[in-house]
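Next come the chains, spelled out residue by residue.
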Amino acid sequence: MRHLINFKNWAPQEIKSMINEGIKIKKEPLKYELALKQKTLAMIFQKTSTRTRVSFETAMTQLGGHAIYMDWMTTQFKLADIADEVKYLSRNVDCIMARLKKNADLTRMASASRVPVINGCDDRYHPCQAIADLMTVKEHKGPLNGLKLVYVGVHNNVCNSLIEACTMIGMRITAVTPIIHKPAEDKDLLHKAEKTGLYHATLNVGEAVKDADAVYTDTWVDMELFFDPRFKQEKQERIEKMMPYQLNRDLLGESNAIIMHDMPIHRGYEIAADMIDHPNSVIFDQAENRMHSEKAILLQLLE
Ligand code: CP
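Since we're looking at a predicted model, the values are computed, not measured.

Caption draft 1: Looking closely at the overall build of the protein. If you tally the helices and strands in the protein, you get 12 helices and 9 strands. Taken over C-alpha atoms, the radius of gyration comes to 19 Å for the protein, in line with the 19 Å a tight globule of 303 residues would show. Expressed as lengths along the three principal axes of its C-alpha atoms, the size of the protein is roughly 55 × 45 × 35 Å. Counting only contacts in the protein whose residues sit at least 6 apart along the sequence, the fraction spanning at least 24 positions is 74%.

Pasting the structure below:
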């Protein structure tokens, strides 16, 4: 059974294929209108979402299938064993996409499932986002091999999946991450990335973005912690430490790099407001591409 939890069991060619298929499907969506006829995707959310929910649900509709939205708190997932619930669920649906708080729960879910499980973002990885991101880079900058992406922000799930995907397909990636979000720490992933010679880490953000083809940032505080009173002090400390790393005109004034953010955006924090609508910004293309690339992911797993 094939799942998409991260890219560990995926081949570089398969990642490239999902990126290229996303571009192809975007150009000729009607060609795929019956590709998943009679197929059903269950979408389970333990955390909030705009793009992941909309993109997967719309993707299923446009592929001729159906998607069921399941809020963790209003289903029996809240009170039962995750494996039992998934053993049942995977007898009635063809695929499961889950956004869970913990990667360990997602792994349990995948082990119990009869159908493919897709990671819709957990505390360690966000592989669907990385496919949409690289599709967007390719649309704007051409063949990905040798291009340089600079990630500036807190080292989190998005950063992990970008490092993993970029280094597997021959892209260079530099991480400027003064803070590591502990749950996202994956030493094996970084060790593997370092061995490719394509991954570098630095705190010299000015130097890092000089020759970048893409500069990327993300929220400094994960969605589940944003309004958590227990995280209030840590949130304030992060803002103070991260402010010198904000994407703004001072940092990117001379750069031709495309400006990327996976959204939701916290204007005036990780990115200055005028960078969001800057001519080099591809942020809304990136968000739109979630849907086209989700189609490619679903077809890869279900066809
Ligand atoms: N980037 C992303 O996953 O968006 P949502 O949190 O809105 O799904």
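Caption draft 2: View of the environment of histidine 181. Locating histidine 181 in the fold gives a position in the loop between strand 6 (172–176) and helix 7 (187–196). The class of histidine 181 is buried, set by a relative accessible area of 6%. With 177 residues separating them in the primary sequence, histidine 181 and leucine 4 have C-alpha atoms 22 Å apart. Residue contacts for histidine 181: discarding those within four places in its chain leaves Val154, His155, Asp222, Leu225 and Arg238.

Caption draft 3: Molecular detail of the site of the ligand. In the neighbourhood of the ligand, the contacting residues comprise Ser49, Thr50, Arg51, Thr52, Arg99, His126, Gln129, Asp262, Met263 and Arg290. Taking arginine 51, its main chain carries an N or O atom lying 2.9 Å from an oxygen atom of the ligand. Protein chains shield 96% of the accessible area of the ligand, which is 260 Å² for the free molecule.

Caption draft 4: Highlighting the nonpolar core. Membership of the largest hydrophobic core comes to 57 residues, with the highest contact counts inside it found for Leu41, Ile118, Val137, Leu149, Met171 and Leu298. Here leucine 298 is in contact with Leu36, Leu41, Phe56, Ala59, Met60, Leu63, Cys95, Ile118 and Glu303, once residues within four sequence places are set aside. In terms of nonpolar packing, the next biggest core, distinct from the first, is built from 30 residues, Val154, Val215, Leu225 and Ile259 among them.

Caption draft 5: Representation of the state of the cysteines within the structure. Inspection of the entire model under this criterion finds 0 disulfides. No disulfide involves cysteine 95; its sulfur sits 9.6 Å from that of cysteine 128, the nearest cysteine. The cysteine cysteine 121 is free of any disulfide, with cysteine 128 supplying the nearest cysteine sulfur at 9.3 Å. Given a relative accessible area of 2%, cysteine 121 falls into the buried group.

Caption draft 6: Quick look at unusual backbone geometry. That bond from methionine 263 to proline 264 is cis: its omega, 5°, falls within 30 degrees of zero. Relative to the elements of secondary structure, proline 264 occurs in the loop between strand 9 (258–261) and helix 11 (273–276). In this structure, cysteine 121 takes a positive phi of about 110° despite not being glycine. As for its placement among the helices and strands, cysteine 121 is situated in the loop between strand 4 (117–119) and helix 5 (127–141). Backbone geometry at methionine 263 places phi at a positive 65°, although glycine is not the residue there. Position of methionine 263 among the secondary structure elements: in the loop between strand 9 and helix 11.

Caption draft 7: View of the side chain of asparagine 103. Structurally, asparagine 103 is set in helix 4 (residues 103–112). Each residue touching asparagine 103, except ones within four places of it in the same chain, is listed here: Ile5, Asp122, Asp123, Arg124 and Tyr125.

Procedures and definitions
Residues numbered from 1 in each chain as written. Predicted model: local features only at pLDDT ≥ 70, side-chain atom pairs only at ≥ 80, totals over all residues. Heavy atoms only, no water. Helix = DSSP H or I, 4+ residues; strand = E, 2+ residues; numbered from the N terminus. Rg over C-alpha atoms; globule rule 2.2 N^0.38 Å. Contact = heavy atoms within 4.5 Å. Buried < 20%, exposed > 50% of the residue type's maximum accessible area, 1.4 Å probe, protein only. Near = heavy atom within 4 Å. Polar contact = N/O pair within 3.5 Å; in protein donor to acceptor, adjacent residues only side chain to side chain. Areas by Shrake-Rupley, 256 points an atom, 1.4 Å probe, with all protein chains shown as cover. Core = buried A, V, L, I, M, F, W, Y, C linked by side-chain atoms within 4.5 Å. Disulfide = S-S within 2.5 Å.

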